[in-house]
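In case you want the letters, here they are:
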Amino acid sequence: MKDIILNLAGQTGFATLDWKNYIMILVAFLFMYLAIAKGFEPLLLVPISFGMFLVNMFPSIIQEGGLLHYFYKLDEWSILPSLIFMGVGAMTDFGPLIAYPPSFILGAAAQFGIYGAYFLAIALGFTGKEAAAISIIGGADGPTSIFLAGKLGMGDTLLGPIAVAAYSYMSLVPVIQPPFMKLFTTKKERLIKMPQLRKVTKLEKIVFPIVVTLVVVMILPTTAPLVGMLMLGNLFRESGVVKQLTETASNAMMYIVVILLGTSVGATTSAEAFLQMTTIKIVILGLIAFSLGTTMGVLFGKLMCFVTKGKVNPLIGSAGVSAVPMAARVSQKVAAEYDPTNFLLMNAMGPNVAGVIGTAVAAGTFMAIFNVH
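Residues numbered from 1 in each chain as written. Predicted model: local features only at pLDDT ≥ 70, side-chain atom pairs only at ≥ 80, totals over all residues. Heavy atoms only, no water.

1. Structural notes on the nonpolar core
By size, the foremost hydrophobic cluster in this structure holds 112 residues, and its most contacted members are I134, I137, I162 and L230. Not counting residues up to four positions away in its chain, the partners in contact with I134 are F126, L158, I162, I282 and L285. (Core = buried A, V, L, I, M, F, W, Y, C linked by side-chain atoms within 4.5 Å. Buried < 20%, exposed > 50% of the residue type's maximum accessible area, 1.4 Å probe, protein only. Contact = heavy atoms within 4.5 Å.)

Here is the structure:
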């Protein structure tokens, strides 16, 4: 009987966990607090934080044969990120981008954060593939970060820290972006009211995803899984003849994928894998990349403001990162702080959608550079 009791006691979490596990459990509780009490992207942070909590109490759940191991394989094989893009396309109105094509410039400008972080990561000693996988965090796009890390073979090493950093910064967009937006703009610029966008025809909305897919995938075939699924989801939405597919892609399928992806991403943060100096570097590089992307978007917004003689509010440039629609809402929120009647949301959605495409193109560019398909 004594041996049985000792054996059972030895298998409890109290006997098998060390102080690092308890640190990660506290981090999981912090993420839960931000999600539940503060409302920071709860659809993402709740499953991520619980996966983090679970794996640090029962590490074998992510190991081969464990439940979340199979969820994680769907991340590693880039299946879930591609399905997320289909759902985003089905949920998103591309009309603002079609109505004001110069928004593409702001979406492209925000990708400077990715390329800047790439060279900085190399300077810090990361390999080319590692640097590429880390730098995509600057797009504030969790699915693309997971997609590229998996494609570049980072699944067993860096995918967990990269994914957690990317989703954390996506969730913290309302906290991180406003200081940079206010720092690089004047009060006069923030008060600029932009004209209402023209009405986009149904034909334009149907043709747009087809043309974008044709042009982007022909130039960079490696973007097909992300750009192709994004545009397929949008074609579901705009065609008007497959409402069942639109509803499934944007609701049931999207939520199922978020549960699987979020929980498995959180489960990659075991204390042994996560509490390393490399992880700290990744988190810092991701923050630099995201901050630089936001800054460059705003600065190009200022340039467009100058060229158009004050017709473009530079605040919409910050929406050029890929966190859709959160980044566009932040542009609206900051503008409303100075003038509650200033409605920038639809104008900001153009750069925001362009940022989604831009981040996917950046990922495809890195895949082409390293000859990965």
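Right, picking up where we left off after that structure.
2. Side note on a nonpolar patch on the surface
There is a patch of nonpolar side chains on the surface, built from L203, V207, V211, L214, V215, M218 and I219 and spanning about 710 Å² of accessible area. Relative to the helices and strands, I219 is located in helix 15 (residues 202-219). Taking the relative accessible area as the measure of exposure, I219 reaches 65% and is therefore exposed. (Patch = residues over 30% accessible without salt bridge, like charges linked within 9 Å, V, L, I, M, F, W, Y side chains within 5 Å. Areas by Shrake-Rupley, 256 points an atom, 1.4 Å probe, with all protein chains shown as cover. Salt bridge = Lys/Arg side-chain N within 4 Å of Asp/Glu carboxyl O. Helix = DSSP H or I, 4+ residues; strand = E, 2+ residues; numbered from the N terminus.)

3. Description of the pattern of salt bridges
Overall, the coordinates contain seven salt bridges when judged by the stated rule. As a salt-bridge pair, K182 and E337 come within 3.0 Å of each other at their nearest N and O atoms. Of this pair, K182 sits in helix 13 (residues 173-183) while E337 sits in helix 20 (residues 326-338); the two residues are 155 residues apart in sequence, bridging distant segments of the chain. On the basis of relative accessibility, which here comes to 29%, the residue K182 falls in the partly exposed class. With its nearest N and O atoms 3.6 Å apart, the salt bridge here joins D339 to K193. With D339 in the loop between helix 20 and helix 21 (345-369) and K193 in the loop between helix 14 (187-190) and helix 15, this residue pair connects regions lying 146 residues apart in the sequence.

4. Describing the side chain of T92
Mapped onto the elements of the fold, T92 is located in the loop between helix 6 (79-91) and helix 7 (95-99). Side-chain polar atoms of T92 contact the backbone oxygen of V88, separated by 2.6 Å. For T92, the contacting residues outside a window of four places in its chain are N234, R237, E238, V324, M349 and V353. (Polar contact = N/O pair within 3.5 Å; in protein donor to acceptor, adjacent residues only side chain to side chain.)

5. Some words on the packing of helix 16 (residues 224-239) against helix 21
Orientation of helix 16 relative to helix 21, taken along the N-to-C sense of each, is 155 degrees, at an axis distance of 9 Å. When the axis of helix 16 is compared with that of helix 21, the two are roughly antiparallel. Contact residues: L226, V227, L230 and M231 in helix 16; V356, I357 and A360 in helix 21. Looking at the contact of helix 16 with helix 21, its residues break down into seven nonpolar, no polar and no charged. (Axes fitted to C-alpha atoms, helices over the stretch in contact; angles between N-to-C directions. Parallel < 35°, antiparallel > 145°, perpendicular 65-115°, else oblique. Nonpolar A, V, L, I, M, F, W, Y, C, P; charged D, E, K, R; others polar.)

6. Examining the packing of aromatic side chains
The description of an aromatic ring pair rests on the distance of the ring centres and on the angle between the ring planes. As enumerated under the stated definition, the model contains eight aromatic pairs in all. Measuring from ring centre to ring centre gives 5.6 Å for F50 and F53, while their planes differ by 65 degrees; the resulting arrangement is edge-to-face. Of this pair, F50 and F53 both sit in helix 4 (residues 42-57), separated by three residues, roughly a single helical turn. Classification of F53 as buried rests on a relative accessible area of 16%. With centroids separated by 6.4 Å and ring planes inclined at 20 degrees, the aromatic side chains of Y169 and F290 adopt a geometry described as stacked. Note that Y169 is positioned in helix 12 (residues 159-171) and F290 in helix 19 (residues 277-307), a separation of 121 residues in sequence. (Phe/Tyr/Trp six-rings, centres within 6.5 Å; stacked < 30°, edge-to-face > 60°.)

Nothing here speaks to function; it is geometry throughout.
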